[in-house]
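Residue-level listing of the chains:
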Amino acid sequence: MRIAQVSTLYERVPPVAYGGTERVVSWLTEALVARGHDVTLFASGDSLTQARLVSVYPRPLREIENTADPQAFHVAMLEQVVRRSADFDIVHFHTDYTSFPFGRRLQCPHVTTLHWRLDIPGLDALYREFRDVPLVSISDAQRTPLPQLAWQRTVHHGLPPEIHTFNPTPSDYLAFVGRIAPTKRPDLAIEIARRANLRIEIAAKIDDGDRAYYERDIAPLMRQPHVCYRGELGGHDKDRFIGAARALLFPVDWPEPFGLVLVEALASGTPVIAFGRGSVPEIIDDGVTGFIVDSIDEAVDALKRIGEIDRARCREVFERRFTAARMADEYVDVYTNLVAAAR
């Protein structure tokens, strides 16, 4: 099958460090190539892929987003996709609703995976206008605000098994991984660790838009003796960091569409203690791969039971449910159905 994967341009595919959407696009693209499909990737020019690479800018837009208009680059890329669409059997967009008007001009079927939340005011009006656009959700929970759209399937993210090493003998620290952002609640993770009398290490990115929040609310907490800030980690450093953790804390305060770090933890054998919002109950099996809680007190109590979680079972659940191969197979089913319907 001739498949176009259209990524956002904010980060390289795959990202050097933090970047969830672009990382998933990379894993999917490489898995499709490994299955013999003819794949073209629209992404930043420094992206690394076995697919055919098409780019409108040589570097990630993150490097210039404060001095340039990111949407201008995306519009230019999407117009390229339209112009080349006769060369593909299907186009798979990962660019949110920006691609919707372009999709109607393609000479082949298309599908869009939505990677973000759908409960923001104004989205309902926009999606009503494009309710015919074929969509894939990354969790069933993500669909809740807009269940009436043209959903084709829920496809949970998957990653290559080899990029995370199973660690049966962890260290004594708790891990927090992701972004320093109000929705991620690093402050709650720090407080949970304090009440549990455990050390917490934080490997997280600080976006420019979250800098004020960090300086005001989080930086003072980082000075506590039980907290260690490791900065933004990627590659083998991130693998070792997650795998050596006693548990991953995920006290999110928003309807998380997926939560890629949950799967990364399971791949390492690291159990998760997470607030049960958004996709969390679809990914974490309570009492099997971690504990789903609703408060700081419940999280502290769960940490006392973390030894009950079999780390080998966490890895086994990952290999059964969250690999890139499984993700690619499910997307190919979506592509096949859309191509057949178009014919």
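Residues numbered from 1 in each chain as written. Predicted model: local features only at pLDDT ≥ 70, side-chain atom pairs only at ≥ 80, totals over all residues. Heavy atoms only, no water.

Trainee: Explain the overall build of the protein residue by residue, including any values.
Mentor: A count of helical and extended segments in the protein gives 12 helices and 13 strands. Taken over the C-alpha trace, the protein has a radius of gyration of 20 Å; the compact-globule value for 343 residues is 20 Å, and the two agree within 12%. Along the first, second and third principal axes, the C-alpha atoms of the protein reach 60 × 45 × 35 Å. Relative to its full complement of 343 residues, the protein shows a buried share of 58%. Within the protein, contacts between residues separated by at least 24 positions form 64% of all contacts whose residues are at least 6 apart in sequence. Of the roughly 14,200 Å² that the protein leaves accessible, carbon and sulfur atoms contribute 48%. Between the mean site of the 40 positive side-chain charges and the mean site of the 47 negative ones, the protein shows a separation of 1 Å. (Helix = DSSP H or I, 4+ residues; strand = E, 2+ residues; numbered from the N terminus. Rg over C-alpha atoms; globule rule 2.2 N^0.38 Å. Buried < 20%, exposed > 50% of the residue type's maximum accessible area, 1.4 Å probe, protein only. Contact = heavy atoms within 4.5 Å. Areas by Shrake-Rupley, 256 points an atom, 1.4 Å probe, with all protein chains shown as cover. Lys, Arg positive; Asp, Glu negative; His and termini not counted. Charge placed at Lys NZ, Arg CZ, Asp CG, Glu CD.)

Trainee: Could you give me a rundown of the sheet that holds strand E10 (residues 227–231), with the residues and numbers involved?
Mentor: Here 6 strands make up an open sheet; going across it, the order is E10-E9-E8-E11-E12-E13 and the pairing parallel. Edge positions in the sheet fall to E10 and strand E13 (290–293), since each of these pairs with one other strand and no more. Adjacent strand axes in the sheet meet at a mean angle of 20°, parallel and antiparallel pairs treated alike. Pairing analysis gives 6 bridges linking strand E8 (residues 174–179) to strand E9 (residues 200–205), with the strands arranged parallel. Across the sheet, the residue bridging to leucine 174 is isoleucine 200, located in E9. Where helix H5 (residues 186–195) meets the sheet, it contacts E8, E9, E10, strand E11 (247–250) and strand E12 (272–275), and its direction lies at approximately 170° from that of E9. (Pairing = 2+ DSSP bridges. Axes fitted to C-alpha atoms, helices over the stretch in contact; angles between N-to-C directions.)

Trainee: Can you break down the sheet that holds strand E2 (residues 38–42) residue by residue, with the values?
Mentor: Strand order in the open sheet made by the 7 strands is E3-E2-E1-E4-E5-E6-E7, with parallel pairing throughout. Strand pairing shows two members of the sheet lacking a second neighbour, strand E3 (52–54) and strand E7 (151–154), which therefore form its edges. Taking the axes of each pair of neighbouring strands and ignoring which way they run, one obtains an average angle of 20° across the sheet. Sheet topology note: the strand E1 (residues 2–6)/E2 ladder contains 5 bridges and is parallel. Across the sheet, valine 6 pairs through a bridge with phenylalanine 42, a residue of E2. Those strands touched by helix H1 (residues 20–34) are E1, E2 and strand E4 (90–93), and its axis lies near 160° from that of E2. Across the sheet, helix H12 (residues 324–342) is in contact with E1, E4, strand E5 (110–113), strand E6 (135–137) and E7; its angle to E7 comes to roughly 165°.

Trainee: Report on the environment of threonine 67, specifying residues and quantitative values.
Mentor: Considering the arrangement of structural elements, one finds threonine 67 in the loop between E3 and helix H2 (70–84). It is 41 Å that separates the C-alpha atoms of threonine 67 and phenylalanine 318, two residues lying 251 residues apart in sequence.

Trainee: Quick one: what's the story with helix H6 (residues 211–222), residue by residue and with numbers?
Mentor: Taking 1.5 Å per residue, 12 residues should reach 16 Å; H6 reaches only 14 Å between its end C-alpha atoms and comes up short. Looking only at H6, the buried set comprises Tyr213, Tyr214, Ile218, Ala219 and Met222. The buried residues of H6 occupy an angular sector of 145° when the element is viewed end-on, so they sit on one face. Facing away from the buried side of H6 by more than 90 degrees, the exposed set consists of Ala212 and Arg216. (Expected span 1.5 Å × (residues − 1). Arc of directions from axis to C-beta.)

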